[in-house]
Amino acid sequence: MFRNRIQKFTPYIIILLIYTVFGFLSYNDFFSDRSYSNDASSMIVKYGSKGTEVKTVQTKLKQWGYYKGSVDGVFGWRTRSAVIAFQKKHGLKADGVVGTATAKAIGLPAKTAAKAPTRGTVRRSNELNTLAQAINGEARGEPYIGQVAVAAVILNRVDDPRFPKSIAGVIYQPGAFTAVADGQMNLVPNDSAHKAAQDALNGWDPSGGAVYYFNPAKATSKWIWSRPVIKIIGKHYFCK
């Protein structure tokens, strides 16, 4: 009789065991997913990122004097340069990326940081190559520091309200650069030009904040000679 009762309830026992096992697995999967999500949400804010987290970074760095651009929520080269300056000042790894340590120092929770879209990476690559083309056309044969200084002038113009607000806009502004007029801008840039462009984008400005430069052996404009000279690097005079 007892055996008959056991047999009667056996299907229910099996069902109960199945639900228990699946319930346990689902529980583990749930918390595993939560753990994974927490890890995934600890993304970094870097070049190409967009959103409120970027605005927070820009706002704080602007308040502290590191960032001079507009608070637009777009992590461009100006924001990256400001982050690098902040990192150097605070003894952090100066890579221009707002990771866990930098986010903590700025006051941005690392777990809320946004992942940079692929489009941003492409845009940065285009800007880097355009800047390298200009360096190659304008400063090929100049010492390396002079090549970086030429790139810095272009970036300084982007920050200056008197000039266009993009790297390409500055370079292709009518009459701005000889390399555009004579076609040298279209030459394939060498490795030195690419490296100089990267160093300038990273915040190195050997020009001392110049927005003009010229070769005194070739300059024909009387106006350019009126500009205050900040530095002389190689064959170029760098001016305000």
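Above this note sits the structure.
Basis of the calculations
- Residues numbered from 1 in each chain as written.
- Predicted model: local features only at pLDDT ≥ 70, side-chain atom pairs only at ≥ 80, totals over all residues.
- Heavy atoms only, no water.
- Core = buried A, V, L, I, M, F, W, Y, C linked by side-chain atoms within 4.5 Å.
- Buried < 20%, exposed > 50% of the residue type's maximum accessible area, 1.4 Å probe, protein only.
- Helix = DSSP H or I, 4+ residues; strand = E, 2+ residues; numbered from the N terminus.
- Contact = heavy atoms within 4.5 Å.
- Axes fitted to C-alpha atoms, helices over the stretch in contact; angles between N-to-C directions.
- Parallel < 35°, antiparallel > 145°, perpendicular 65-115°, else oblique.
- Left-handed = near helix turned anticlockwise from the far one by under 90°.
- Nonpolar A, V, L, I, M, F, W, Y, C, P; charged D, E, K, R; others polar.

Asker: Is there a simple way to think about the nonpolar core in this case?
Answerer: Soluble globular proteins tend to bury their nonpolar side chains together. In terms of nonpolar packing, the biggest core is built from 49 residues, with Leu61, Val98, Leu131, Ile154, Ile167 and Phe238 touching the most fellow members. When residues in this core are grouped by element, the largest group, eight residues, is from helix H6 (residues 144-159). Non-local contacts of Ile167, meaning those with residues more than four positions away in its chain, are made with Trp77, Glu127, Leu131, Ile154, Leu155, Val158 and Leu201.

Asker: Explanation requested: the environment of Ala82 in the structure shown.
Answerer: Along the chain, the position of Ala82 falls in helix H3 (residues 77-89). Taking C-alpha positions, Ala82 is 7.8 Å from Gly203, a pair spaced 121 residues apart along the chain. Setting aside residues up to four positions removed in sequence, Ala82 forms contacts with Leu61, Tyr66 and Tyr67.

Asker: Where do I start with the packing of helix H2 (residues 52-63) against H3 in this structure?
Answerer: Packed helix pairs are characterised by how far apart their axes lie and by the angle those axes make with each other. Look at H2 against H3: their axes get within 10 Å of each other, and the N-to-C directions meet at 60°. As judged from the angle between their axes, H2 and H3 are oblique. Crossing of H2 over H3 shows left-handed handedness. Counted together, Val57, Gln58 and Leu61 of H2 and Thr79, Ala82, Val83 and Phe86 of H3 form the full contact between these two elements. Here the residues of the contact of H2 with H3 are counted per class, giving five nonpolar, two polar and no charged.

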